[in-house]
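Residue-level structural notes
These are the residues of each chain, in order.
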Amino acid sequence: MTLPAALLSRSLACLSLLAAAAPGCDRPGRAAGTATAPPGASSALAPGGAEEVASGAMAAAPAADGGATPPAADAAPPAAGAAALAAQIAPLRAEGPFVELAVEGFPSAVVSVPIGATARRPVLIASHGNYDRPEWQCQVWRGIAGDGAFILCPRGVARSDSPSASDVRFTYESNARLEQEIDAGLAALRARFPEHVDPGPVLYTGFSLGAIMGSAIAARRAALFPRLVLVEGGHDKWTPATAKAFAEGGGQRVLFVCAQAGCGAAASAAAARLEKAGVLTRVVRGKEAGHRYDGPVAEETQRALGWILEGDPRWLGDGG
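In what follows, the accompanying structure is described. (Residues numbered from 1 in each chain as written. Predicted model: local features only at pLDDT ≥ 70, side-chain atom pairs only at ≥ 80, totals over all residues. Heavy atoms only, no water.)

**Considerations on the pattern of salt bridges**
What the rule picks out here adds up to 16 salt bridges. Of the charged contacts, one joins R253 and E310 as a salt bridge, the two residues approaching to 3.0 Å between their closest N and O atoms. Of this pair, R253 sits in strand β9 (residues 253-258) while E310 sits in the segment after α9 (295-309), and the two are 57 residues apart along the sequence. Residue R253 is classed as buried on the basis of its relative accessible area, which comes to 12%. The closest approach of N and O atoms between R314 and D312, which form a salt bridge, is 2.9 Å. The exposure class of R314 is partly exposed, given its relative accessible area of 25%. Among the charged side chains, a salt-bridge network with shared partners connects E179, D183, R220 and R221. (Salt bridge = Lys/Arg side-chain N within 4 Å of Asp/Glu carboxyl O. Helix = DSSP H or I, 4+ residues; strand = E, 2+ residues; numbered from the N terminus. Buried < 20%, exposed > 50% of the residue type's maximum accessible area, 1.4 Å probe, protein only.)

Laid out in structure tokens, this is it:
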């Protein structure tokens, strides 16, 4: 499937600005603390500063890795009469393309918003890697997916070994705790933009640690996360049992994106287990680019995005 022209035109312009960005888990060959944010990562945020929130009080101790208790209903049914409702929805207004979102019980998230939308838009979760930042994930994924969806980037917890007070890096305590943070973030997003957030399933994307933890979350929450994009990680979690659970729970597609040879081999093995369980998979292997998600890896992800969205009409129209 070819990515729709409207989505491509929004995305390709952004990718060229992000090719030189340096986000994420320290890449081989770089000293810790030398990464710089993608262009405008700090200035693009609404007033309030990510650093202020990151230095605030954290939530109570994490839950055990066995998994958080899911809410009564993971995914609400698609909104009825969406076409009729669209005409009644005022264009979405925001301070800028990236806003801070207060999340109850957790540090603030970063959200890329579809400014001007007059219809409900789907949600993409972008979970970062270890020693990473949500601002970087949101910027790179806005370049990949365009400006027609909500991109929710959970923050996690600040690392004590961050380079400086002005360059705080983050991690996630456990997949159970990340699951709780995502649930709280989705609730906050729907409360802030009640007319514009689509209530249906969410596209989960994760890099490295975010991919590893996302695989475990999706295996038990497939109704909410039926489609996944796992970049440079999340392979070993797919045992025959978890693949079967994901498929039986409503899991549909998994896209693995790799920029290293070892990742490609592990992803192919995981894909075979998922395919055997009945889940469609694709492994995208770009040129050797190191452990990263921006630049050439983002370009490979964007080229494969049409496949992961195929058959979901919420992503394919202009929609206002």
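Structure shown, so let's carry the discussion forward.
**Some thoughts on the sheet that holds strand β2 (residues 106-112)**
An order of β1-β2-β4-β3-β7-β8-β9-β10 is seen for the eight strands of this open sheet, with the pairing classed as mixed. Looking at strand neighbours, the two that pair on one side only are β1 (98-103) and β10 (280-285), the edges of this open sheet. When the angles between neighbouring strand axes are averaged without regard to direction, this sheet yields 20°. For strand β3 (residues 123-127) and strand β4 (residues 150-153), the ladder comprises three bridges, and the chain directions are parallel. Within β4, the residue paired with L124 across the bridge is I151. Sheet strands touched by helix α5 (residues 175-192): β1, β2, β3, β4 and β7 (203-207). Its angle to β1, the strand with the most contacts, is close to 110°. Here helix α8 (residues 261-277) sits on the sheet and contacts β9 and β10; the angle it forms with β10, its principal contact strand, is near 170°. (Pairing = 2+ DSSP bridges. Axes fitted to C-alpha atoms, helices over the stretch in contact; angles between N-to-C directions. Contact = heavy atoms within 4.5 Å.)

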